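Residue-level structure breakdown
One letter stands for each residue in the lines below.
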Amino acid sequence: MKELDLAWFLALLGTPLVFALICYFFSFRLNQITPWIAALGGALTLGISLGMAVQFKYDTVEQLGVLDDENTRMQTSLFERGKNVDLVPGYEVHKSFDWVTKVRWMPKLGINFVLGLDGLNLAIIVLVTLIYFVALLAAWLCPNIEGNFFPLLFISEFGLLGTLLAIDGVIALIFLAISILSYYFLLQNWGGENKNNSAFIFGTVNTIGLLILAGVLTYCYKSDLTKFANEGEIEIAQKQIERAHPDWSEKQRTDYLSYHSFNILAFQRAGLEQVTQSRTNVSKTAKTKHTFSLLAVLGASLLLGFSSPIMALIYKTYQDTRLPVAMLLAGAFPLLGIYIFIRFGIQIFPAGIVSSASWLTWVIIGVIVAISFMFLFVNSPERFIALLSCWLQFICYLGIINSFAGAPNIWKSKTFAGSLIWLLGGYLCITGLVFLWKQIKDQILVDIIDFKLGTLKKAPIIGCSFAILLVATLGCPGFINGLGLFLLAGSVLQFGFIPALIAGISFILVIIACYRILNIVLGESSSTP
């Protein structure tokens, strides 16, 4: 097989689908072993993602010496690797492990099956597969899980992973729609007392975000990308026109040969050219279009990222839904918001983020202040977790957007990296908090520790899940968030004294709220001394 990276991609996407079918067929007659099969599927998917991470590190860092030379590091980025793939005649990939794959689907419409991997989506993929694995293990603690529960969980994972890997706009939208639909049906069937309202709000909010994103991609598709297309393909098409339509005018030939595509990497090349020309002869209209397009993507990202916390604030979704669904809604799905903003917003419209970074930074600081003071009036653990999710996302948005404000320096890049590290560690922690809170609330955790239910004897794998959750809740986020906070600290000082003071007060208020909510949670448990 020429493209071994395609084999990795297909294995990662195919494993959840295969186990969704297996769980579906076993749920009719052998429902008691379905959780074991689901746990095996989650473990295999996590193992494949970790294998991809190891191989990707070898291909891009160790083998090519990316850390030793800045020019080599740029050449091995997804932007440059995708450019090489697009410019190879006949859509043939020149390397087996370039971690970009392109399969023709509807080339006349500019739609192709394009998948790619870089450090951004790889880190989120590993975290998503880990959260899904732990959620599938946690399903052992949920009695009477029947029907399409496990198949829908695997289909939702398939949609999330596809959205993270897709480099073609249409393919990404298809995967995103699959993920939204699967979560909608999960809420519709296992969403608790307000399942209909929760499913409706979730579906509506995310559908609006999906439509906004589709509108932005359609706007990009209508732009002429001929200068970023394969020159060999354009020459072949030009010769075909000369033979088939010698009577065509120059305008007809130009219109026919104009290249339109949904390739996100082509959009990024066009956006980068916009930045390089912004110092010379780019009109204010073009800059305004890029800024409004970026704000539209930001709006779609906020809708996708905040749909789960909104449901938790209104309908107590985390409390009423089944434990695995609550963990995934709190820890996995919101990660799409930040990813889409970076991939579809900043990387496609860099001129927009450069021109709007300064005032967007102050807007986000104002929102963070409002959320921080809301923590003082929250007495519900579920609403605390929902607000914490919103706060984590806005802190990440603050770091990312501020890294493009003002003159570039070394701390700007550290701010960008630190923001992502902060987000990943934070949502790993939120996943563990949801698990521990629901188990303490339902007395299941105390009973298991006391061996009153004997669950550990019946399912030893649950012991592994507790160990993972203990690390996820206490160890890993503490280290990751500490590193992210250190990298963010330098960027906060760049705002000035007042914004830095506001950010510091925000952290203090959140810590105070954490202690108060912890006392409330422990007080709800009658088995807690």
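Residues numbered from 1 in each chain as written. Predicted model: local features only at pLDDT ≥ 70, side-chain atom pairs only at ≥ 80, totals over all residues. Heavy atoms only, no water.

Among the secondary structure elements, Ala7 is positioned in helix H1 (residues 4-29). Through-space distance from the C-alpha of Ala7 to that of Thr101 is 9.8 Å; in sequence the pair is 94 residues apart. (Helix = DSSP H or I, 4+ residues; strand = E, 2+ residues; numbered from the N terminus.)

Glancing now at the side chain of Asn263. Checked against the element boundaries, Asn263 lands in the loop between helix H10 (250-257) and helix H11 (264-277). Within the local environment of Asn263, its side chain forms a polar contact with the backbone nitrogen of Leu265, the two atoms lying 2.9 Å apart. (Polar contact = N/O pair within 3.5 Å; in protein donor to acceptor, adjacent residues only side chain to side chain.)

With that out of the way, let us pick up the side chain of Glu382. Its place among the elements puts Glu382 in helix H17 (residues 381-402). Within polar-contact distance, the side chain of Glu382 engages the backbone nitrogen of Tyr318 at 2.5 Å. Not counting residues up to four positions away in its chain, the partners in contact with Glu382 are Ala312, Lys316, Thr317, Tyr318, Gln319 and Trp437. (Contact = heavy atoms within 4.5 Å.)

This structure, assessed with the given rule, holds one salt bridge. A salt bridge links Arg343 to Asp118, with the shortest nitrogen-to-oxygen separation between them at 2.9 Å. Here Asp118 lies in the loop between strand S2 (111-116) and helix H5 (119-138) and Arg343 lies in helix H15 (residues 335-346), a separation of 225 residues in the sequence. Summarising the burial analysis for this pair, Arg343 and Asp118 share the class buried. (Salt bridge = Lys/Arg side-chain N within 4 Å of Asp/Glu carboxyl O. Buried < 20%, exposed > 50% of the residue type's maximum accessible area, 1.4 Å probe, protein only.)

Okay, the nonpolar core next. If you look at the biggest cluster of nonpolar residues, it comprises 138 residues, and the most contacted ones within it are Leu117, Phe150, Tyr183, Phe341, Phe344, Phe375 and Trp391. Element by element, the count of residues in this core is highest for H17, at 15 residues. In terms of nonpolar packing, the next biggest core, distinct from the first, is built from five residues, Ala39, Phe133, Leu137 and Trp140 among them. (Core = buried A, V, L, I, M, F, W, Y, C linked by side-chain atoms within 4.5 Å.)

What follows concerns the packing of helix H6 (residues 149-165) against helix H7 (residues 169-190). The interhelical angle for the contact between H6 and H7, taken along N-to-C directions, is 155°, at an axis separation of 7 Å. The orientation of H6 with respect to H7, classified from their angle, is roughly antiparallel. Once H6 is placed against H7, the crossing between them reads as left-handed. In this structure, H6 contributes Phe149, Leu152, Leu153, Ile155, Ser156, Phe158, Gly159, Leu160, Gly162 and Thr163 to the contact, and H7 contributes Ala172, Phe175, Leu176, Ile178, Ser179, Ser182, Tyr183, Phe185, Leu186 and Trp190. A breakdown of the residues in the contact of H6 with H7 according to their chemical character gives 14 nonpolar, six polar and no charged. (Axes fitted to C-alpha atoms, helices over the stretch in contact; angles between N-to-C directions. Parallel < 35°, antiparallel > 145°, perpendicular 65-115°, else oblique. Left-handed = near helix turned anticlockwise from the far one by under 90°. Nonpolar A, V, L, I, M, F, W, Y, C, P; charged D, E, K, R; others polar.)

At a closest axis distance of 11 Å, the pairing of H7 and helix H14 (residues 323-331) adopts a crossing angle of 140°. Here H7 lies oblique to H14, going by the angle between them. Here H7 and H14 pass one another in a crossing that is left-handed. In this structure, H7 contributes Tyr183, Leu186 and Leu187 to the contact, and H14 contributes Val325, Leu328 and Leu329. Class assignment for the residues of the contact of H7 with H14 results in six nonpolar, no polar and no charged.

This part takes up the pairing of S2. The buried count for S2 comes to five of six residues, which makes it a mostly enclosed element. Pairing of strand S1 (residues 100-106) with S2 involves six bridges; the strand directions are antiparallel. In the strand pairing of S2, Arg104 is matched with Asn112. Connecting the antiparallel pair S1 and S2 is a turn made up of four residues, with Gly110 showing a positive phi of about 75°. (Pairing = 2+ DSSP bridges.)

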